Structure formats: structure tokens, C-alpha cells
Amino acid sequence: MDMLNEAAEKPRDDADVRVGRRVRALRLERSLSLAELAAKAGVSIGALSQIERGLSSLRVKVIWPLAAALDIEPSALIADGNEAGNDLYCVRANGRRQIPVKSEGIAKALLSPPAATLTGMLVTVEAGGGTVEAYAHPGHEFGFVLSGEVELVIDSTTYGLKTGDSFAFKSTLLHAFRNSGTERCQILWVNTTKPSEVRDGA
């Protein structure tokens, strides 16, 4: 039996490439390996690999189990390839995923796509909001204050930052931040650690 019988082989085209990237992005967002998703969907690893690389089109009998394995509607897989949506290399403004936090008055929206090495976030700190405690984790960080003001503590030193200010430091240093002002603060924050690997005080 042909190991690719779940997918229809055809010459590579742009539509299949975009669909393949969408499938791979959804898989990576769920931290699933190629083998794990193939097993959940009941398809061969080879067929799934061909689909993700845009070398094969999705067949009807693959769409439903693959969508179920990814916990999405089948239409999300077969939407027009030109439709503006997230993929391996792009995150749309209306498609940002919220990162869970445990501090009051802080919201983190993921800006970087699944294939990114760096983790980009839009961190919003409401007036009076801030981290519960100082925290540290592996990696490096960079930030740029888009609006408002924030007090950033790095290794016991406090920095008062305003719109247009930036910062960078090793994530292994204890750090914390708080908005002591009266207006919302937004920060473009870049981290070399994946969101799932950070155990922080926010």
C-alpha cells in the first residue's frame, strides 16, 4: 500500500503550500510532533509531511480527522489559501493568542508565529498593575515602551521607563515590573525563551 494514500499527490502550488503552512503552524501551536499529530488523526507520517510541505492536497477523508486532532473546524483547514490568517511566518492582528498570566492588571499577547526562534509579545500593564514577585528564567530579553510608563526592576535596581525608552538584560537576573502611573502602559517585549518554558511571576 502506498504510504501516501491519504493524500492526493500533485505538483506543488501556492495554495497547497499555504494550507500546508497553516497545518504545521496549528501543529506547532499545540506542541505536537509530526508523529503525534499523525497518530491522533489516523494518517501516516509520510502523508502528513507531504501535506505540510505543500506537496500533496488534503483529501476529504483526511480533513475531518485532522481537524478533530487539532481541535478546530474543518473549514479552518480548507479556507481560501489567500485568506489573511496566521501561518508559520505571520501573525495577524486579530489572530493573536493570549498568554496566561497570574498577576492582576497584566495581559500578554503573543506576536511571534510558531516557527519563530524569538518570542515577541505585546505586554499591556494597566494602571496599578504589575508582577506578583520578582522572577527569573533562562534566556535574554529586550523591550521597547510603546506607550505609558513602567517601573522595571532588574537585579534590585529600579528603572523608570517612559514612551520610547527601551531595555535589555539576561533573563536569569531577577526582574519585575509595575505601572505606578495613571494610564495604561504597552510594551513590545522580546524573549529568547518560549512562552511554555517561562515560569515567571506574571
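The structure we're discussing is the one just above.
This structure is a prediction, so every number in the text was calculated from the model and none was measured.

A.B. asks: Run through the overall build of the chain, naming residues and quoting values.
C.D. replies: When helices and strands are counted, the chain shows five helices and 11 strands. The contacts in the chain between residues at least 6 apart in sequence include a share of 67% that link residues at least 24 apart. In the structure as shown, the chain presents an accessible area of about 10800 Å², 52% of it carried by carbon and sulfur atoms.

A.B. asks: Any chance you could break down the sheet that holds strand 10 (residues 175-178) for me, citing the residues and the numbers?
C.D. replies: The strands that make up a sheet pair up through hydrogen bonds in the backbone, lying either parallel or antiparallel. If you trace the three strands from one edge of the open sheet to the other, you get 8-7-10, paired in antiparallel fashion. At either end of the open sheet lies a strand with only one pairing partner, and these are strand 8 (157-161) and strand 10. Neighbour-to-neighbour, the strand axes of this sheet turn through a mean angle of 20°, independent of strand direction. Sheet topology places strand 7 (residues 150-154) next to strand 10; four bridges connect them, and they run antiparallel. Directly across from Val 153, in strand 10, lies its bridge partner Ala 176.

A.B. asks: Can you lay out the sheet that holds strand 11 (residues 185-191) for me, pointing to particular residues and giving the numbers?
C.D. replies: Judged by pairing direction, the sheet is antiparallel, and its six strands sit side by side in the order 3-4-5-11-6-9 without closing on themselves. The two strands at the open ends of the sheet, each matched to only one other strand, are strand 3 (97-99) and strand 9 (166-170). Across the sheet, the mean angle separating the axes of adjacent strands is 25° when strand polarity is ignored. Here three bridges tie strand 3 to strand 4 (residues 106-110), and the two strands are oriented antiparallel to one another. Following the sheet pairing, Ile 99 is matched in strand 4 by Lys 108.

A.B. asks: I'd like a description of the packing of helix 2 (residues 34-41) against helix 4 (residues 60-70), backed by residues and values.
C.D. replies: For the pair helix 2 and helix 4, interaxial distance at closest approach is 8 Å and the crossing angle is 120°. In terms of orientation, helix 2 and helix 4 fall into the oblique class. At the point where helix 2 passes helix 4, the crossing takes the right-handed sense. Contact with helix 2, carried on its side by Leu 37, Lys 40 and Ala 41, involves Pro 65, Leu 66, Ala 69 and Leu 70 of helix 4 and no other residues of that element. For the contact of helix 2 with helix 4, a count of residues per class yields six nonpolar, no polar and one charged.

Definitions and cut-offs
- Per chain, residue numbering runs from 1 following the sequence as it is written.
- Where local features are concerned, this predicted model is filtered to residues with pLDDT of at least 70; where side-chain atom pairs are given and counted, the filter is 80 or more; whole-chain, interface and lining totals use all residues.
- Side-chain measures here rest on the full set of heavy atoms in the structure, leaving out hydrogens and waters.
- Helical segments are the DSSP runs of H or I of at least four residues, strand segments are the runs of E of at least two, and each set is numbered from the N terminus.
- In what follows, residue pairs with any heavy atoms lying within 4.5 Å of each other are defined as contacts.
- For accessible areas, the Shrake-Rupley method is used with a probe of radius 1.4 Å. Any residue's cover is judged against the shown protein chains and nothing else.
- One bridge is not enough; two strands pair if DSSP finds at least two bridges between them.
- Axes, fitted as lines to C-alpha atoms, cover a helix only where it is in contact. Angles between the N-to-C directions of the axes lie from 0 to 180 degrees.
- Should an angle lie under 35 degrees it is considered roughly parallel, over 145 roughly antiparallel, and from 65 to 115 roughly perpendicular; all remaining angles are considered oblique.
- The handedness criterion is simple: a crossing whose near helix is rotated anticlockwise from the far helix by less than a right angle is left-handed, and one whose near helix is rotated clockwise is right-handed.
- As a working rule, the residues Ala, Val, Leu, Ile, Met, Phe, Trp, Tyr, Cys and Pro are called nonpolar, Asp, Glu, Lys and Arg charged, and the rest polar, with Gly in that last group.

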